[in-house]
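# Breakdown of the fold
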Amino acid sequence: MRIQCPFCGERDSSEFTYLGDATVRRPDPSAPEQYFEAVYLRDNPAGRHEELWYHGFGCRSWLRVTRDTRTHEIFTVEMYNDATTETNQEAARA
Amino acid sequence: MAHSQIELTPRAAFADLPITAPGSGVVVQERDELGIASVLARRGQHEALTKRVRERFGIELSPGPRRSAAGGCAFIATGPGAWIVTVERASNGCVTSLTDALGDLAAISDQSDGQAVLRVSGPKAREALCKIVPIDLHPRIFRSGAVAATVAAHVGATLWRLDDDPSGHAVFEIAVFRSLAESFWRALSESAAEFGVRMNGRG
């Protein structure tokens, strides 16, 4: 599997570390049940999945990757900081 | 009895490492005279830093993993807003002057003794390197000025390509953390053994 890093270009997956679901948000610490759910009860989707990868043996950027978990086809890769900025901007506009 | 003062002498990272297959296919030279610093743009200061580097050093920082050089100073982009800066014929004050010029816009840290840089040239340089890095080093893909922050035989490394030598052979430089120089050298010398290795400055 190869990932198209927005900075470095196409690189082997061995340069990256997988973190997991990119859509999980840190819940309110005062709600332990939500916390338990966010930490332990993760979905395991067959198909499109938004996930975080760290390009540690490269440009050291966090990336948000949309990947098909069945075929490893990758649809989009973006810098996670840019992605979170956009998400925050969207949230601010809403 | 008076204690004698311990004399510390500089020691190049690759100086005592063995050459197991002498030859002339791959020529290596340690760049131990380079001054090296890491430069990280402070948050939101990327554009201001680009402008300052243009004014002070006459260097145009192009986007992406590229090496931009002028007047013996080179900015080697390793990530978004991150560079390794090398200074030729470095004096002790070269990183201080870099901090004076850019310190308000970037975090600068002296790496002259932390990173070891090896120049790899000769007719078989590309063949020797492409066995140990997961990077396409084809001359049309990895051109002069290209940079790759990557991994070489499990050792984190920054590789860049310089202009070809007068005989038309590709010239590369590769930076690794000094403490990993021996591991890296073992991988490179194994990879280059079939072509023969010569170290400049050694018999």
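Numbering of residues begins from 1 in every chain and follows the order in which that chain's sequence is written. A letter from A marks each chain and a number from 1 marks each ligand, given out in the order of writing. With pLDDT at 70 or above as the cut-off, local features in this predicted model cover only qualifying residues; side-chain atom pairs require 80 or more to be listed or tallied, and sums for whole chains, interfaces and linings still use all residues.

The next subject is the domain arrangement of chain B. Residues and elements named next belong to chain B. Domain start and end points were adopted from an automatic or database domain assignment. Under the domain assignment, chain B is made up of domain 1 (22-32 + 114-199) and domain 2 (35-110). We call two residues in contact when the distance between their C-beta atoms, placed using the backbone, is within 7 Å. Opposite the 10 residues of domain 1 that make contact, domain 2 presents nine residues. Secondary structure elements are defined from DSSP: runs of H or I of at least 4 residues count as helices, runs of E of at least 2 residues count as strands, and each element is numbered from the N terminus. When residues of the side of domain 1 that touches domain 2 are assigned to their parent elements, the largest contribution, three residues, is made by strand 8 (residues 147-152). Residue classes follow a fixed rule: Ala, Val, Leu, Ile, Met, Phe, Trp, Tyr, Cys and Pro count as nonpolar, while Asp, Glu, Lys and Arg count as charged, and any other residue, Gly among them, counts as polar. Of the residues in the side of domain 1 that touches domain 2, the class split is seven nonpolar, three polar and no charged.

Right, let's talk about the environment of Arg-66 of chain B for a bit. Structurally, Arg-66 of chain B can be placed in the loop between helix 1 (46-57) and strand 3 (67-70). Between the C-alpha atoms of Arg-66 of chain B and Ala-77 of chain B, which are 11 residues apart in sequence, the distance is 5.6 Å.

Another point: the pairing of strand 5 (residues 82-87) of chain B. Residues and elements named next belong to chain B. Along strand 5, five of the six residues are buried, which leaves the element largely enclosed by surrounding structure. Both strand 2 (residues 35-41) and strand 5 contribute to a ladder of six bridges, which runs antiparallel. Within strand 5, the position partnered with Ser-38 by the bridge is Ile-84. Between strand 4 (residues 73-79) and strand 5, which pair antiparallel one after the other, the connecting turn spans two residues, and Gly-81 there sits at a positive phi close to 70°. Counting other C-beta atoms within 10 Å of a residue's own tells you its class, since 20 or more makes it buried, 12 or fewer makes it exposed, and anything in between is partly exposed; those C-beta atoms are placed from the backbone. At least two DSSP bridges between two strands are needed for those strands to be called paired.

Turning our eyes to something else, we now look at the pairing of strand 10 (residues 171-177) of chain B. All names here are of chain B. A large share of strand 10 lies buried, amounting to five of its seven residues. As paired strands, strand 7 (residues 115-121) and strand 10 are joined by six bridges and run antiparallel to one another. In the sheet register, Gln-115 faces strand 10, and the bridge partner there is Phe-177. Relative to strand 10, strand 9 (residues 155-162) runs antiparallel, the two sharing six bridges. Residue pairing for strand 10: Arg-161 is matched across the bridge by Phe-172.

Take the sheet that holds strand 2 of chain B next. Remark on secondary structure: sheet strands pair via backbone hydrogen bonds, oriented parallel or antiparallel. Residue and element names in this part refer to chain B. One open sheet holds the five strands; their spatial order is 3-4-5-2-6, and the pairing between them is antiparallel. Because the sheet does not close on itself, it has two edges, and the strands there are strand 3 and strand 6 (106-110). Adjacent strand axes in the sheet meet at a mean angle of 20°, parallel and antiparallel pairs treated alike. Direction of pairing for strand 4 relative to strand 5: antiparallel, over a ladder of six bridges. The residue bridging Gly-79 from the neighbouring strand is Ala-82, located in strand 5. Note on method: axes are straight lines fitted to C-alpha atoms, helices fitted across the in-contact stretch only, with angles between N-to-C directions ranging 0 to 180 degrees. Taken strand by strand, helix 2 (residues 94-102) contacts strand 2, strand 5 and strand 6, and its axis lies near 175° from that of strand 6.

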